[in-house]
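Here are the chains, one letter per residue:
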Amino acid sequence: MDIDMKTGVVSQAKGSAYIEQNNTKVICSVFDPREIPRKSDYSVNGELYCEFRFAPFSCMKWRGHQADSYEKECSLILRRALEPAVCRHEFPNFQVDVYALVLENDGSALAAAITCAGLALADASVPMYDLVVATSVGIHGDMKFLDPTVEEESLCNMLPPDGKSRNHGIITAAFSPAHQQMSEFAQSGAMDIDCVTSSIQLLTETCESVYPLSQQCLLKSVTKMLKKKQKETQLNLSSDRIAL
């Protein structure tokens, strides 16, 4: 699995991240907390508003500008995956907006969006218990595809021919390795309990291998920001000496 991550890619956002996972490309933006709209009573915990969208040009078939049922479902999964990792009591009565846009879809877009959104929240300095990473596995009979491509996803959504195993479908799991907590588990298709159990083990191990990459990306971003601030401070001190 080939993964490339970056933070701070959208200047207008409070925090942002970009991820390339194989040929799937996702960008995520997080904005400053704002009052929860159309809410009269006081909310002890803040809320996350998550929107998952495909760019019109991201898929083989041109997508419309209106969110379809699949995008709405993915938006709900994205919110459920992120909420347990965010310290929502730190911003009561406020809402943080998270927007994930798939620029190119070559499969496993939802898992990539969850990982990207976790990085964007951290980049926006939103208080969190841990980073969230996610991965997917496609199942077709006795075959398993880790972070399946679009073609592999299409295969996994079809019932296997008569044989030993009739398991088929896709599982996406979000995981917080520091707490060994699975924050979201989304499954489509039909599979027996043994298949699900072995898939969970595979997903957990894969998430734990992706987690250090997210940490390194965030550390690199913070180090770069600190060096920039240090340089600005040195320049300000130099200019003050010149003025004196």
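Residues numbered from 1 in each chain as written. Predicted model: local features only at pLDDT ≥ 70, side-chain atom pairs only at ≥ 80, totals over all residues. Heavy atoms only, no water.

Q: Hey, could you run me through the overall build of the protein chain in this one?
A: Tallying secondary structure elements over the protein chain gives 4 helices and 10 strands in all. For the protein chain, the succession of helices and strands along the chain, N to C, is β-β-β-β-β-α-β-α-β-β-α-β-β-α. With the principal axes as the frame, the protein chain shows a C-alpha extent of 85 × 45 × 40 Å. Residues counted as buried form 47% of the 244 residues belonging to the protein chain. (Helix = DSSP H or I, 4+ residues; strand = E, 2+ residues; numbered from the N terminus. Buried < 20%, exposed > 50% of the residue type's maximum accessible area, 1.4 Å probe, protein only.)

Q: Any chance you could explain the environment of Ile200 here in plain terms?
A: The residue Ile200 is located in helix α4 (residues 193-243) in this model. Look at Ile200 and you get partly exposed, because its relative accessible area is 29%. Spatially, the C-alpha atoms of Ile200 and Val44 are 34 Å apart, while their sequence positions differ by 156 residues. Those residues in contact with Ile200 that sit more than four places away from it in its chain are Met182 and Phe185. (Contact = heavy atoms within 4.5 Å.)

Q: How do you make sense of the pairing of strand β8 (residues 143-146) when you look at a structure like this?
A: Each regular strand shows side chains that alternate between the opposite faces of the sheet. Here strand β7 (residues 133-140) pairs with β8 via 4 bridges, running antiparallel. Within β8, the residue paired with Ile139 across the bridge is Lys144. (Pairing = 2+ DSSP bridges.)

Q: How should the confidence of the model for the protein chain be read in this particular structure?
A: Should the pLDDT be low somewhere, the predicted coordinates at that spot are not to be read in detail. Residues at a pLDDT of 70 or more form 96% of the protein chain, whose mean pLDDT is 89. Per-residue pLDDT, averaged within each element of the protein chain, yields its smallest value for α4 (84) and its largest for strand β3 (residues 24-30) (96). (pLDDT = per-residue confidence, 0-100.)

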